Amino acid sequence: MALSGGVDRGSHSMDKSITLPPDEIFRNLENAKRFAIDIGGSLTKLAYYSTVQHKVAKVRSFDHSTKVSETDGDPLYEISVQEEITARLHFIKFENAYIETCLDFIKDHLVNTETKVIKATGGGAHKFKDLIEKKLKLKVDKEDEMTCLIKGCNFVLKNIPHEAFVYAKHADSEFRFQHTHPDIFPYLLINIGSGVSIVKVEAEDKFERIGGSSIGGGTFWGLGALLTKTKRFDELLQLASKGQHTNVDMLVKDIYGGAYGSLGLTGDLIASSFGKSATTDKEFSKEDMAKSLLHMISNDIGQLACLYAKLHNLTRVYFGGFFIRGHPVTMHTITYSINFFTKYSWGENYAGSSGLMSVSPELNPVQRARSGTFDMLEMDRLERQLVNLPLLQDPTSYIPDTVDLTEDVLAREYWLYCFEEALDGVVKRAIASQKDQPKAVERAEKFRQKYRHKLQTLRHQPFAYGSLTVRSLLDTREHCLNEFNFPDPYSKIKQKENDMALKYYLKVVKSVEELSWEQRQFTLVKGLLAGNVFDWGAKAVSEKNIFCICFRTFNSGPALNDVTNSELQILTERIAAMDPVIHTALKEDRLALVQNGSSSPCLDLSRLDKVLATVVRERGTDLVIIEGMGRAIHTNYYAMLSCESLKLAVIKNSWLAERLGGKIFSVVFKYEVPSKAQG
C-alpha cells in the first residue's frame, strides 16, 4: 500500500517533511520511563509512562496549646505550595509514514528513561524491529496483540467514563456517551484496523477470536486510493462525506421500480454496490465512488457483527479501531447496517483516544497542520482507588449529571457563555493567590488561553472531549488551572474565613442549644443553606455581605472554595479542643472524617474513594446528605439511593432558577425515601 510521502521498502526510509513541536505532541518526553508501541498495517500507536512534577497546596496546623481567646490574632494553619510527582500515561497515534521522523524525535529528547526494552505489538513490530532498535537503542520485546487489546478494552470500559458511545446521526444528540459500570461481560468486540478482528470476551482473562475479515480500513484506504487517486485516509473520508452513493450503487428500486414488499426490502436499499458502474458508460465522481466504497465495507462489517452476536447470544457489541474513530461518516454507515440487521446498540471504544476530531475554526496553526495526523491522550494516575457508592440503588443505570449539554442546546449556549464570562474573574483570583510568585501573571494568561480555546472548540463541536456537562466544564477548568501551577486559587480566602468562623463557633453553638427542638432544626438547616450561598464562584452573591458558620462537604483536593479534607481535619481538631461533645464523638469514633476522592465542585457517586465506600458499608449508613449546587443540582439531582437521602442547595444562578421554575436564591430541599421502604 502506498503511503503519503512515499516509502522506501528496502531501507525503511520515511517521510521527514514534518516538524514535531515537543509541547504539542510528545509532552514530557524528557521524563519518559517506559515505552510500548503498536504498529499496524496503516497506523502506529505509541504509549509511554512518565513522571510529572506539579504544584499542590498543602496545609499544616500550628501548635495551638493555648486557649482560643489567647490566639485570636494567630492563623489556624499555614499554607504552602509544594512540588509533587504524579505518574502519567501518554498515548499518541500517527500514520506509519511518519514513524522514522517520530523515532528520531524521541531519540533526541530521551533523558531519564529507566528501561532498555520497548514492548511491541502488531505486524509492523516485526517489520520495523531493526529500525526501532537502531534509533532508540531499546530492545524490541513483542507482546501478544489480542491479549493487550482485550485487557485495554476491559480497563477502559470499567474505569474511563464516556469512552464508549452510541452514535445516531439524525437524533437530537448524535452521540450518547455510556457511563462506566462494574458488569461489562460478556460482550463482542469488533476491532477495525487494516482488517477486522471479531472477539468474544466472557471474563477478564477469558476471550476468544471467533472471526474476522480482510475487508476493513486498509481495504477502504487501498481501494479508495486506486479509485480516487487520493492517498490520505482523512481526505478519503472527506470525499465520502460529500458523495452520493446512489449515483454509483444499484438500489432495489432500480431493479423493481420500487420496494420489494414481500421480502421487506425498501426501494432505497442497496442491491448491488457499484452496480451502476457496470451498466452505465460514464465517469463517476471521486466523492460518489468513495461514498459507495465506504457503504460497501461498513455494511459488510455490520452484517458480520450481527451474525456473530446472534450466533453467540451476545447483546453488547463494541466497535473500535481508527476506521471509526471520530468519523461520523463511518460511524453512521456501520450504525445503519447494525440497525438494519438487528436492534443491538453499539459503542465505540478506543483506549488511545484524544477526543473526537475537532471542526473548530479557532484551531491554532499546529493543530490545523496536523489535520488529524496525530492524536494524543494523557492520563494521570490517581493516588486513591475509586469505586461506586454502595448505596446506589442501581449502579448500572446511575448517571451523575442532571443535564446533558450535548442534547440541550439552550443550556449549552448559556453555560458556555457563563464560563467564558467568568474567565477574567478566575484569572484574577489565580494571580491574587500567588501575587508574590514569579511569572504568575504569565502562567495565568496561558491558563486563560487554553481554557478559552477549549470553550470555543465546544461551541462548534460539543462532543469534542466526550460528554459535555456543567461538571465536565468545571473539571476541565480545574485541570487547566493545575496544569499552569494554580493548585488552589481560593486557599488564602478559605484560610481567612475558617479563622473567622472558628472564633464565633462557641457563641453560635450556645445560641442554637438554647432553642426549642423544632427551632433548632430550622436554624441548623438555615445555617447550612446560608453557607451554600456564600460561594466565590457565583456572580449573583459576589456583592452580598453574608457571614455564617458552615463546614461544607469536603473534597480530597481543591475545588473552588470548598473545604478540603486536610483543612477540615485541622478545623475539627481545633473545634474538639473547645467543644466536649465533638471531642467525645471523635474519641468514640461516632464522628469520622473521610475524604470523598473528588477534586471537583460536583460529585460522581460512581467514583468515590474506596475508603469512604468501605466506611459506608461497614457502618450501615442509613441517611445521605448531599449539599451544594454542584453536588445536589448539577449532579445527583435524580440519583436514586437505597437509603433515605436529603439533597439541598440554594440556587445562585438566575437562569438556572428560572429553568427550575423558581427565583434567584430559591431553596431546594429534597428529602427522598427509597421506593422499597415507602408504605
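Each residue is numbered by its place in its chain's sequence as written, counting from 1. Given that the model is predicted, a residue must reach a pLDDT of at least 70 before its local features are reported, and side-chain atom pairs must reach 80 or more before they are shown or counted; all residues, however, enter totals for whole chains, interfaces and linings. Water and hydrogen atoms play no part in the side-chain values, which are based on all heavy atoms of the structure.

Student: Teacher, can you tell me more about the overall build of the chain here?
Tutor: What counts as a helix is a DSSP run of H or I of at least four residues, what counts as a strand is a run of E of at least two, and both are numbered from the N terminus. Within the chain, the regular secondary structure consists of 22 helices and 20 strands. Scored against the burial criterion, the 679 residues of the chain give a buried share of 48%. Considering only contacts within the chain whose residues lie at least 6 apart along the sequence, 68% involve residues at least 24 apart. Method for areas: the Shrake-Rupley scheme with a 1.4 Å probe, in which residue coverage is limited to the protein chains shown. Summing over all exposed atoms, the chain offers an accessible surface of approximately 33,500 Å²; the carbon and sulfur share of this is 52%. To sort residues, take the accessible area from a 1.4 Å probe on protein chains only and compare it with the maximum for the residue type: under 20% means buried, over 50% means exposed, and anything in between is partly exposed. Here, two residues are considered to be in contact whenever any of their heavy atoms come within 4.5 Å of each other.

Student: Where do I start with helix 1 (residues 99–109) in this structure?
Tutor: Within an α-helix, residues lying three or four positions from one another point in the same direction, as the helix has 3.6 residues per turn. Burial of helix 1 is extensive: eight of the eleven residues sit out of reach of the surface. When we look at burial in helix 1, the residues that qualify are I99, E100, T101, C102, L103, D104, F105 and I106. Lining the buried residues of helix 1 we find strand 1 (32–39), strand 2 (43–61), strand 3 (77–95) and helix 3 (129–136).

Student: What exactly am I supposed to notice about the pairing of strand 1 here?
Tutor: Here is the key point about a regular strand: its side chains alternate between the two faces of the sheet. With six of eight residues buried, strand 1 lies mostly within the body of the structure. Two strands are counted as paired when DSSP detects at least two bridges linking them. Here strand 1 runs beside strand 2; their pairing, made up of seven bridges, is antiparallel. Note on strand 2: the bridge partner recorded for A36 is A47. Connecting the antiparallel pair strand 1 and strand 2 is a turn made up of three residues. Inspection of the sheet shows strand 1 paired to strand 4 (residues 117–121) by four bridges, in the parallel sense. Bridge pairing links D38 to T121 in strand 4.

Student: Looking at this structure, how should I read the environment of H312?
Tutor: On the secondary structure map, H312 appears in the loop between helix 9 (286–311) and strand 13 (317–320). Residue H312 is classed as partly exposed on the basis of its relative accessible area of 23%. Remark: the alpha-carbon pair of H312 and L188, spanning 124 residues in sequence, is separated by 9.1 Å.

Student: It is not clear to me how the nonpolar core should be interpreted in this structure. Could you clarify?
Tutor: Of all hydrophobic cores here, the largest spans 42 residues; its most connected members are L188, I190, I192, F220, I301, F319 and F323. Setting aside residues no more than four positions away along its own chain, I192 makes contact with G216, G217, I301, F319, G320, G321, F322, F323, I324 and I334. Core analysis: the next-biggest nonpolar cluster, separate from the first, contains 32 residues, A411, L474, C480 and M629 among them. Side-chain atoms within 4.5 Å are what join buried Ala, Val, Leu, Ile, Met, Phe, Trp, Tyr and Cys residues into a set we call a nonpolar core.

Student: Is there a simple way to explain helix 12 (residues 409–421) in this structure?
Tutor: Here a helix's expected span is defined as the number of its residues, less one, multiplied by 1.5 Å. An ideal rise of 1.5 Å per residue puts 18 Å on 13 residues; helix 12 measures up with 18 Å between its terminal C-alpha atoms. Those residues of helix 12 that sit buried are A411, R412, Y414, W415, L416, F419 and E420. Next to the buried residues of helix 12 lie helix 13 (423–433), helix 14 (440–460), helix 15 (470–483), helix 21 (629–634) and helix 22 (654–659). Think of a polar contact as two N or O atoms within 3.5 Å of one another; within protein, one of them needs to be a possible hydrogen donor and the other a possible acceptor, and neighboring residues in sequence only count if both atoms come from side chains. Between a side-chain oxygen at the N-terminus of helix 12 and the backbone nitrogen of L410 the separation is 3.4 Å; the capping residue is D408.

Student: Hey, could you run me through the packing of aromatic side chains in this one?
Tutor: Working definition: an aromatic ring pair is given by the centre-to-centre distance plus the angle between the planes. What counts as a ring pair is set by centres within 6.5 Å for rings of Phe, Tyr and Trp (its six-membered ring), and what kind of pair is set by the plane angle: stacked under 30 degrees, edge-to-face over 60, tilted for all other angles. The final tally for this structure, using the stated rule, is eleven aromatic pairs. With a centroid separation of 4.6 Å and 65° between ring planes, the pair formed by Y256 and Y260 is classed as edge-to-face. Taken together, the aromatic side chains of Y414, W415, F419 and W655 make up a single cluster linked through ring pairs. Geometrically, a charge over a ring is one whose NZ (Lys) or CZ (Arg) sits within 6 Å of the ring centre while staying within 35 degrees of the ring normal. Positioned above the aromatic ring of F486 is the side chain of R443, whose terminal nitrogen or guanidinium carbon lies 4.7 Å from the ring centre. The aromatic ring of Y637 is capped on one face by K670, whose charged end is 3.8 Å from the ring centroid.

Student: Is there a simple way to explain the packing of helix 12 against helix 15 in this structure?
Tutor: The angle between the axes and the distance between the axes are what describe a pair of packed helices. Remark: helix 12 packs on helix 15, axes separated minimally by 11 Å, with the N-to-C direction vectors making an angle of 20°. In terms of orientation, helix 12 and helix 15 fall into the roughly parallel class. Our pair here, helix 12 against helix 15, has a crossing hand that is right-handed. Residues W415, L416 and F419 of helix 12 form the contact with helix 15, whose own contacting residues are V470, L473, L474 and R477. Amino acids are sorted into nonpolar (Ala, Val, Leu, Ile, Met, Phe, Trp, Tyr, Cys and Pro), charged (Asp, Glu, Lys and Arg) and polar (every other residue, Gly among them). Looking at the contact of helix 12 with helix 15 residue by residue, the class counts come to six nonpolar, no polar and one charged. Note on geometry: axes are lines fitted to C-alpha atoms, helical ones only across the stretch in contact, with angles between N-to-C directions running from 0 to 180 degrees. Any angle from 65 to 115 degrees is called roughly perpendicular, while one under 35 is roughly parallel, one over 145 is roughly antiparallel, and all others are oblique. Crossing handedness follows the turn of the near helix against the far one: under a right angle anticlockwise gives a left-handed crossing, and clockwise gives a right-handed one.

Student: Quick question: what am I supposed to make of a nonpolar patch on the surface here?
Tutor: A surface patch of nonpolar side chains, about 260 Å² in accessible area, is lined by L223, L226 and L227. Turning to its location among the elements, L223 is positioned in helix 5 (residues 217–228). Residues enter a patch when their relative accessible area is above 30% and they make no salt bridge; the linking distance is 9 Å between like charges and 5 Å between nonpolar side chains (Val, Leu, Ile, Met, Phe, Trp, Tyr). What makes a salt bridge here is a side-chain nitrogen of Lys or Arg within 4 Å of a carboxyl oxygen of Asp or Glu, nothing more.

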